[in-house]
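Here is what each chain is made of, one letter per residue.
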Amino acid sequence: RPPRSIRGEQSGGRAALVEGCRCIGLDGHGYGAANSENVLFLNNEAVGCKTFFNGDTGLNRNISFAANRAIRCNQGIHFGNPGSGEFSGFQIVGNTFELTEKWLNEKISPQKYEYSYGVRMSGNVREVAIVGNEFVSANGTRTLLEGMYGIGTSGSNTGLRVANKFSGIAEAFMSEPLVYVP
């Protein structure tokens, strides 16, 4: 089902609501946003996709995620860009991320493995809350050396709040994580 536009006064100032959608088996991003503001992703699911959500282009402000499920995805939510854009006001609350193994990126040469993660912030992001989420390894406990971490941040971040549950993920929080597994 495509996202529907909703009137601001009906939504507490929201410009768009993406609700009750399901993406299955995409070799890419289940959901994404570019140059977006005041968007709520609510009760959506991505199953067996590379990434649940990617938002790395332009201005992305006040993007919220609540009660979503990333099931057997390689990566959860990625936002930010060290080279451009504004990324602020992200609220990631009460979601489930069941992560699989590191992902072989066959679209680059030479091919490299990308880390599996729950949330990755790149560049300068501001005012981010990542709370009440559950991050689970789908295949037993995994470590950074095996290509998995929970939450990673690079660049300067202000106003970051983090409080979540991790199961089977040895490195819950990483500073300056690499994109590719060495």
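Look above for the structure.
Notes on the structure in this doc start here. Bear in mind that the values here come from a model prediction, so they are computed numbers and not experimental data. (Residues numbered from 1 in each chain as written. Predicted model: local features only at pLDDT ≥ 70, side-chain atom pairs only at ≥ 80, totals over all residues. Heavy atoms only, no water.)

A separate point is the pairing of strand E4 (residues 29–42). Working note: regular strand, side chains alternate between the two faces of the sheet. Pairing of strand E2 (residues 16–19) with E4 involves 4 bridges; the strand directions are parallel. Residue pairing across strands places Leu17 opposite Leu40, the latter belonging to E4. Where E4 and strand E6 (residues 51–66) come together, 10 bridges link them in parallel fashion. From the neighbouring strand, Leu40 faces E6, where its bridge partner is Ser64. (Pairing = 2+ DSSP bridges. Helix = DSSP H or I, 4+ residues; strand = E, 2+ residues; numbered from the N terminus.)

Attention now goes to the packing of aromatic side chains. For the structure shown, the criterion picks out 10 aromatic pairs. With centroids separated by 6.3 Å and ring planes inclined at 70°, the aromatic side chains of Tyr31 and Phe41 adopt a geometry described as edge-to-face. Accessibility classification places Tyr31 together with Phe41 in one group, the buried group. Each residue in the set Tyr31, Phe41, Phe52, Phe53 and Phe65 is aromatic and connected to the rest through ring pairs, giving one cluster. Over the face of the ring belonging to Trp103 we find Lys50, whose NZ or CZ atom lies 4.5 Å from the ring centre. We note Lys112 situated over the ring of Tyr180; from NZ or CZ to the ring centre the distance is 5.1 Å. (Phe/Tyr/Trp six-rings, centres within 6.5 Å; stacked < 30°, edge-to-face > 60°. Buried < 20%, exposed > 50% of the residue type's maximum accessible area, 1.4 Å probe, protein only. Lys NZ or Arg CZ within 6 Å of the ring centre and 35° of its normal.)

What follows deals with the nonpolar core. Counting 32 residues, the largest nonpolar core has Tyr31, Phe53, Phe65, Ile77, Phe79 and Val119 as the members making the most contacts within it. Setting aside residues no more than four positions away along its own chain, Phe79 makes contact with Gly55, Phe87, Phe90, Ile92, Val119, Arg120, Met121, Ser122, Val125 and Val128. Ranked by size, the runner-up nonpolar core spans 5 residues in total, among them Tyr115, Tyr117, Tyr149 and Val181. (Core = buried A, V, L, I, M, F, W, Y, C linked by side-chain atoms within 4.5 Å. Contact = heavy atoms within 4.5 Å.)

Each neighbour pair has its own omega, and for Ser109 with Pro110 the value is 0°, a cis peptide bond. Structurally, the position occupied by Pro110 is in the loop between strand E12 (103–105) and strand E13 (112–114). For Asn35, which is not a glycine, the phi torsion comes out positive at approximately 50°. Along the chain, Asn35 falls in strand E4. By relative accessible area, which is 54% here, Asn35 ends up exposed. Of note, Asn43 is a non-glycine position whose phi angle comes to about 55°, a positive value. Within the fold, Asn43 resides in the loop between E4 and strand E5 (45–47).

Taken by themselves, the reported measurements are silent on function.
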